[in-house]
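Now for the letters of each chain:
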Amino acid sequence: MSSEPIPSGAALLSRYPADKVIVDCDKCGMQAKYDKLEMLEAGGDRALTYLLEAIARRKGCAKLDRFDIKNICGARYANIQ
Ligand SMILES: [Zn+2]
């Protein structure tokens with residue numbers, strides 16, 4: 001789960017400024033909501049950029065592996081800027 005490298009200076013899950021991690025994608029309508037502390041317990045601390053992709057993948061976003069840059073997955077953290 002936490003085998004990917006954490007780049008130095010990366011935004012980390014442990015620093016996520018809300019108790020709930022909310023992800024949505026306006027391209028495919030994917031929406032996900034997780035408890036931050038549960039995620040930390042389950043997978044350890046992770047870089048938010050990697051985590052975003054992992055969530056989109058798990059939720060089955062169909063646009064994740066497209067190479068058409070204009071039509072790529074729009075997954076984002078919905079409750080932080
Ligand atoms: Zn998507």
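For clarity, every value in this text was computed on a predicted model and none was experimentally measured. (Residues numbered from 1 in each chain as written. Predicted model: local features only at pLDDT ≥ 70, side-chain atom pairs only at ≥ 80, totals over all residues.)

**Quick notes on the sheet that holds strand E3 (residues 76–77)**
Read from one edge to the other, the open sheet built from three strands follows the order E2-E1-E3, with strand pairing classed as antiparallel. Of all strands in the sheet, those with a lone pairing partner are strand E2 (31–35) and E3, marking the two edges. The pairing of strand E1 (residues 20–24) with E2 spans five bridges and is classified as antiparallel. Looking across to E2, one finds that Lys-20 is bridged to Asp-35. In the packing of helix H1 (residues 36–43) onto the sheet, the strands contacted are E1 and E2, and the crossing angle to E2 comes to about 80 degrees. (Pairing = 2+ DSSP bridges. Helix = DSSP H or I, 4+ residues; strand = E, 2+ residues; numbered from the N terminus. Contact = placed C-beta atoms within 7 Å. Axes fitted to C-alpha atoms, helices over the stretch in contact; angles between N-to-C directions.)

**Looking at the pairing of E1**
Taking every second residue as pointing to the same face, the buried face of E1 carries Val-21 and Val-23, while none of Lys-20, Ile-22 and Asp-24 on the other face is buried. The loop that links E1 with its antiparallel partner E2 comprises six residues; one of these, Gly-29, has a positive phi angle of about 80 degrees. (Buried ≥ 20, exposed ≤ 12 C-beta atoms within 10 Å, placed from the backbone.)

**So, the nonpolar core**
Counting 11 residues, the largest nonpolar core is built from Leu-13, Val-21, Val-23, Cys-25, Met-30, Met-39, Leu-51, Ala-56, Cys-61, Cys-73 and Ala-75. Broken down by secondary-structure element, the contributors of at least two residues to this core are E1 and helix H2 (48–58). Every residue in contact with Met-30, bar those within four places of it in the chain, is listed here: Asp-24, Cys-25, Ala-56, Lys-59, Cys-61 and Ala-75. (Core = buried A, V, L, I, M, F, W, Y, C linked by C-beta atoms within 7 Å.)

**Some points on the environment of Ile-72**
Following the sequence through the fold, Ile-72 ends up in the loop between H2 and E3. Distance from Ile-72 to Lys-27, taken between C-alpha atoms, is 8.0 Å for residues 45 residues apart in sequence.

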